[in-house]
Amino acid sequence: EAQVTQNPRYLITVTGKKLTVTCSQNMNHEYMSWYRQDPGLGLRQIYYSMNVEVTDKGDVPEGYKVSRKEKRNFPLILESPSPNQTSLYFCASSPRPSGVGTGELFFGEGSRLTVL
Amino acid sequence: AQSVTQLGSHVSVSEGALVLLRCNYSSSVPPYLFWYVQYPNQGLQLLLKYTSAATLVKGINGFEAEFKKSETSFHLTKPSAHMSDAAEYFCAVPPWGSYQLTFGKGTKLSVIP
């Protein structure tokens, strides 16, 4: 089954404890992206990647890191989490960067992160 | 920069009633406009998209949206609400020259039995 898989789905952690949210897609998509969803703010893009070893900042990249060493994986790293990073995170992928603008964007089920 | 505005963060309708969720886009006519739906504890999925080929767009689950240039609107409608329609709905637009989507703030639809 074609899908975008995120882990963990739920996580409670403490300030400053490094964590990684993994994202993997099995559709051989070139483009991958991370969004965060907050009440009243909709979804905002954190980082995106147009292909292996090519990443760029979105609208809210502060406090996050990403890497794209393999086509299928795009982990989101919080080096020193803070309470303002408590949010619902979504990974998404598209066959190609232009697919984002034509409706070919596929989302994972989300990872709910709480930072105490 | 292209943006979308959704009016009403929460809409409640009775089962069987008309659903109307509002979305207005800014400035110039975008090449694409989207409605995404997020069911509880799930990711977003594409409900329908406007591509300039037709102003009335039909999507999944009986939803449709009409693009109105004169009103800069792309409102989502469904003639008769079903309990399973309870979800959050997002309007989105791809900004020019950008590899991302700009989402509205979302409208949570509740369906009352």
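Since this is a predicted model, take the numbers as computed values, not measurements. Per-chain numbering applies: the sequence of each chain, read as written, is numbered from 1 onward. To read the labels, note that chains go from A and ligands from 1, taken in the order they are written. Reporting in this predicted model follows two pLDDT cut-offs: at least 70 for local features of residues, and 80 or more for side-chain atom pairs to be given and counted; totals over whole chains, interfaces and linings ignore these cut-offs and use all residues. Values reported for side chains reflect all heavy atoms of the structure, with hydrogen atoms and water molecules removed beforehand.

**Overview of the nonpolar core**
Looking at soluble globular proteins, one finds that nonpolar side chains tend to be buried together. The biggest cluster of nonpolar side chains holds 27 residues, and the ones touching the most others in it are Leu21(B), Leu33(B), Trp35(B), Phe74(B), Leu76(B), Tyr89(B) and Leu109(B). When contributions to this core are tallied by element, the ones reaching two or more residues are strand E2 (10–14), strand E3 (19–25), strand E4 (33–38), strand E5 (44–50), strand E7 (64–68), strand E8 (73–78), strand E9 (87–93) and strand E11 (107–112) of chain B. One finds Leu19(A), Met32(A), Tyr64(A) and Leu76(A) within the second-largest nonpolar core, a separate group that totals 18 residues. The criterion is simple. A nonpolar core is a set of buried Ala, Val, Leu, Ile, Met, Phe, Trp, Tyr and Cys residues joined through side-chain atoms within 4.5 Å. Exposure categories follow from relative accessible area, calculated using a 1.4 Å probe and restricted to protein chains: below 20% of the type maximum is buried, above 50% is exposed, and the middle band is partly exposed. Comment: elements are numbered from the N terminus, with helices defined as DSSP H or I runs of at least four residues and strands as E runs of at least two.

**Quick look at the packing of aromatic side chains**
Whether two aromatic rings pair depends on their centres lying within 6.5 Å, for rings of Phe, Tyr and Trp, where Trp uses its six-membered ring; planes under 30 degrees apart make the pair stacked, over 60 edge-to-face, and the rest tilted. Inspection of the entire model under this criterion finds 15 aromatic pairs over all chains. By the ring-pair criterion, three or more aromatic residues cluster together here, those being Tyr35(A), Phe90(A), Phe107(A), Tyr32(B), Phe34(B), Tyr36(B), Phe90(B) and Phe103(B).

**A short note on the environment of Val4(B)**
Residues and elements named next belong to chain B. For Val 4, the position within the fold is in strand E1 (residues 4–7). Along the primary structure Val 4 and Cys 23 are separated by 19 residues, whereas in three dimensions their C-alpha atoms are 6.6 Å apart. Note on definitions: a residue-residue contact is assigned when non-hydrogen atoms from the two residues lie within 4.5 Å. When neighbours within four sequence positions are excluded, Val 4 is seen to be in contact with Cys 23, Asn 24, Tyr 25, Leu 33, Cys 91, Ala 92, Val 93, Thr 102, Phe 103 and Gly 104.

**What to know about the layout of surface pockets**
Take a probe with the size of a water molecule and roll it over the atoms, and the empty space left behind shows itself. Only protein atoms enter the 1 Å grid used here, on which a cavity is any set of points holding a 1.4 Å probe that cannot leave and a pocket is any open set flanked by protein within 12 Å on both sides along at least five of seven lines; residues with an atom within 4 Å of a point are listed as lining. Grid points are joined across faces, edges and corners, and a volume is the space filled by probe spheres set on the points. The space that makes up the largest pocket amounts to roughly 570 Å³. Lining the largest pocket are 29 residues, and of these Gln37(A), Leu88(A), Arg112(A), Gln38(B) and Glu88(B) lie nearest its centre. When contributions to the lining of the largest pocket are tallied by element, the ones reaching two or more residues are strand E4 (31–38), strand E9 (87–94) and strand E11 (111–115) of chain A together with E9 of chain B. Each residue is assigned to one of three groups, with Ala, Val, Leu, Ile, Met, Phe, Trp, Tyr, Cys and Pro labelled nonpolar, Asp, Glu, Lys and Arg labelled charged, and all others, Gly among them, labelled polar. Class assignment of the residues belonging to the lining of the largest pocket gives a composition of 11 nonpolar, 11 polar and 7 charged. In this structure, the second largest pocket occupies an estimated 400 Å³ of space. Lining the second largest pocket are 19 residues; nearest its centre among them are Gln3(A), Val4(A), Phe107(A), Gly108(A) and Glu109(A). At the level of elements, strand E1 (4–7) and strand E10 (106–107) of chain A together with E5 of chain B are the ones that each hand at least two residues to the lining of the second largest pocket. Residue classes in the lining of the second largest pocket are distributed as 8 nonpolar, 8 polar and 3 charged.

**Comments concerning the interface of chain B and chain A**
If you look at the interface, chain B gives 19 residues, while chain A gives 25 residues. Around 1700 Å² of area is buried between chain B and chain A when both sides are counted, 56% of it from carbon and sulfur atoms. By convention in these notes, a salt bridge is any Lys or Arg side-chain nitrogen within 4 Å of a carboxyl oxygen on Asp or Glu. Where chain B meets chain A, there are 0 salt bridges. Going through the elements one at a time, E4, E5 and E9 of chain B are the ones with two or more residues in the side of chain B that touches chain A. Here the quantity called buried area is the accessible surface, traced with a 1.4 Å probe, that two parts lose on coming together, added over both.

**Things to note about the confidence of the model for chain B**
Note: predicted coordinates in regions of low pLDDT should not be interpreted at a detailed level. For every residue, the predictor assigns a confidence score, pLDDT, that lies between 0 and 100. On average, residues of chain B score 91 in pLDDT, and 99% of them are at 70 or above. At the level of individual helices and strands, chain B shows its lowest average pLDDT in strand E10 (residues 102–103) of chain B, which scores 90, and its highest in E2(B), which scores 97.

**Observations concerning the state of the cysteines**
All names here are of chain A. What counts as a disulfide here is a pair of cysteine sulfur atoms lying within 2.5 Å. Counted under the stated rule, the structure contains 2 disulfides over all chains. For Cys 23, the disulfide goes to Cys 91, at an S-S distance of 1.9 Å. Between Cys 23 and Cys 91, the S-S dihedral sits near -75 degrees, and the bridge is therefore left-handed. Of the two residues, Cys 23 sits in strand E3 (residues 19–25) while Cys 91 sits in strand E9, which places them 68 residues apart along the sequence.

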